[in-house]
Amino acid sequence: MELLERFTRGDLEAFEILFRQFQNEVYGWIVRIVRDPGVAEDLTVETFWRIYRTHARFDPARRFGAWARRVATNVALDHLRHVRPEIEFVEFPEDLSQGPPPDPAVQQDIRERIERAFSQLPAKLQVAATLALIEEKPYEDIAEALGISVGTVKSRVFRAVRLLRKKLKRLGVEP
Amino acid sequence: MNERNDEQLRELLRRAMAPVAETDLKRDLWPAMQRKLDEPVIRVPWFDWALVALVAIWCLLFPDAVPGLLYHL
């Protein structure tokens, strides 16, 4: 608690301790949303920069991790809104699929069309759908990070699926 | 029918786009954070904000003058 109080007073040393403690968690959350390690690193720094600038607004009785995740989600959302036209036709980086690979039964061409359609979703819907459907994060966690209710998350995922279906149909993919 | 179609689409999505496997940082970001903290913050003087507000009010009060203003920009 003392650490958080020092942070709210603008103590740089306390901020550094919190940064080192939470940088991995924040990065992990952002990279799941933006799916690019380099961008996720930059956005992690941007997140902590915003956190530091608004230190006086933080209530030390609250969980720092949850607050950091909320700020990180907003930073990632802003990023998706701004880069949208550029990423429309860019594939997600290969090195992200080092773990469980995409199903080889899904043809490369179809995969690219799905990725393209997915990246064209409105940022808010894209974030909800990425976290819920691809990363399979609990709705409660997503709701907390976005600062909305679980019902709203479900509604965004539902709208994302419907919109994705329309976009895929236009691209000649029908599940 | 729609619900079944939605579930099929969700399944296709899961199969086409794998979850991010590497979610751990590969390097400490504190040095980058320090550089960011050391960057000078660009502050817009209050006089500039006042000027912007005056121009906005002027445009609202005299909309006919907007094309003239744009011409001179």
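Residues numbered from 1 in each chain as written. Chains lettered and ligands numbered in written order. Predicted model: local features only at pLDDT ≥ 70, side-chain atom pairs only at ≥ 80, totals over all residues.

A tally of helices and strands in chain B yields 4 helices and 0 strands. Tracing chain B from N to C terminus, the helices and strands come up as α-α-α-α. For 73 residues, the compact-globule estimate of 2.2 N^0.38 gives 11 Å, and the C-alpha radius of gyration of chain B, at 27 Å, exceeds that figure by more than 25%. Along the first, second and third principal axes, the C-alpha atoms of chain B reach 60 × 50 × 20 Å. Each of the 73 residues in chain B was classed as buried or not, and the buried ones make up 11%. (Helix = DSSP H or I, 4+ residues; strand = E, 2+ residues; numbered from the N terminus. Rg over C-alpha atoms; globule rule 2.2 N^0.38 Å. Buried ≥ 20, exposed ≤ 12 C-beta atoms within 10 Å, placed from the backbone.)

The next thing to look at is the packing of helix 3 (residues 37-53) of chain A against helix 2 (residues 30-38) of chain B. One way to put it is that helix 3 of chain A packs onto helix 2 of chain B with a least axis distance of 10 Å and a crossing angle of 50°. Judged by the angle between their axes, helix 3 of chain A and helix 2 of chain B are oblique. Of the two elements, helix 3 of chain A crosses helix 2 of chain B, and the hand of that crossing is right-handed. On helix 2 of chain B, the residues that touch Val45, Phe48, Trp49 and Tyr52 of chain A of helix 3 of chain A are Ala32, Met33, Lys36 and Leu37 of chain B. Residue composition of the contact of helix 3 of chain A with helix 2 of chain B, grouped by class: 7 nonpolar, no polar and 1 charged. (Axes fitted to C-alpha atoms, helices over the stretch in contact; angles between N-to-C directions. Parallel < 35°, antiparallel > 145°, perpendicular 65-115°, else oblique. Left-handed = near helix turned anticlockwise from the far one by under 90°. Contact = placed C-beta atoms within 7 Å. Nonpolar A, V, L, I, M, F, W, Y, C, P; charged D, E, K, R; others polar.)

Residues and elements named next belong to chain A. For Arg35, which is not a glycine, the phi torsion comes out positive at approximately 55°. As for its position among the elements, Arg35 is in the loop between helix 2 (12-34) and helix 3. Here Glu136, not a glycine, exhibits a phi torsion of approximately 55°, which is positive. Note that Glu136 resides in the loop between helix 6 (123-134) and helix 7 (139-146). Overall, Glu136 belongs to the exposed group, with 9 C-beta atoms counted inside 10 Å.

Once that is clear, we can look at the environment of Leu146 of chain A. All names here are of chain A. Looking at where Leu146 falls in the secondary structure, it is placed in helix 7. Residues Leu146 and Gly28, spaced 118 residues apart in sequence, show a C-alpha to C-alpha distance of 16 Å. Look past the residues within four positions of Leu146 in its chain and what remains in contact with it is Thr73 and Val153.

A separate point is the confidence of the model for chain B. All names here are of chain B. The pLDDT averaged across chain B works out to 85; a share of 96% of its residues lies at or above 70. Mean pLDDT values for the elements of chain B range from 78 in helix 1 (residues 2-16) up to 94 in helix 2. Note on the complex model: pTM 0.76, ipTM 0.76. (pLDDT = per-residue confidence, 0-100.)

Counted at 1.5 Å a residue, the expected span for helix 8 (residues 150-170) of chain A with its 21 residues is 30 Å, and the 31 Å between its end C-alpha atoms agrees. Once helix 8 of chain A ends, the next one or two residues include Gly172 of chain A, with phi positive near 80°. (Expected span 1.5 Å × (residues − 1).)

In this structure, Ile30, Ala76 and Ala128 of chain A are the most contacted members of the largest nonpolar core, which totals 49 residues. When residues of this core are traced back to their parent elements, those giving at least two are helix 2, helix 3, helix 4 (64-87), helix 5 (108-119), helix 6, helix 7 and helix 8 of chain A together with helix 1 of chain B. The element that contributes the greatest number of residues to this core is helix 2 of chain A, accounting for 10 residues. Taken domain by domain, this core gets at least three of its residues from each of domain 1 (1-87) and domain 2 (89-175) of chain A. (Core = buried A, V, L, I, M, F, W, Y, C linked by C-beta atoms within 7 Å. Domains from an automatic or database assignment.)

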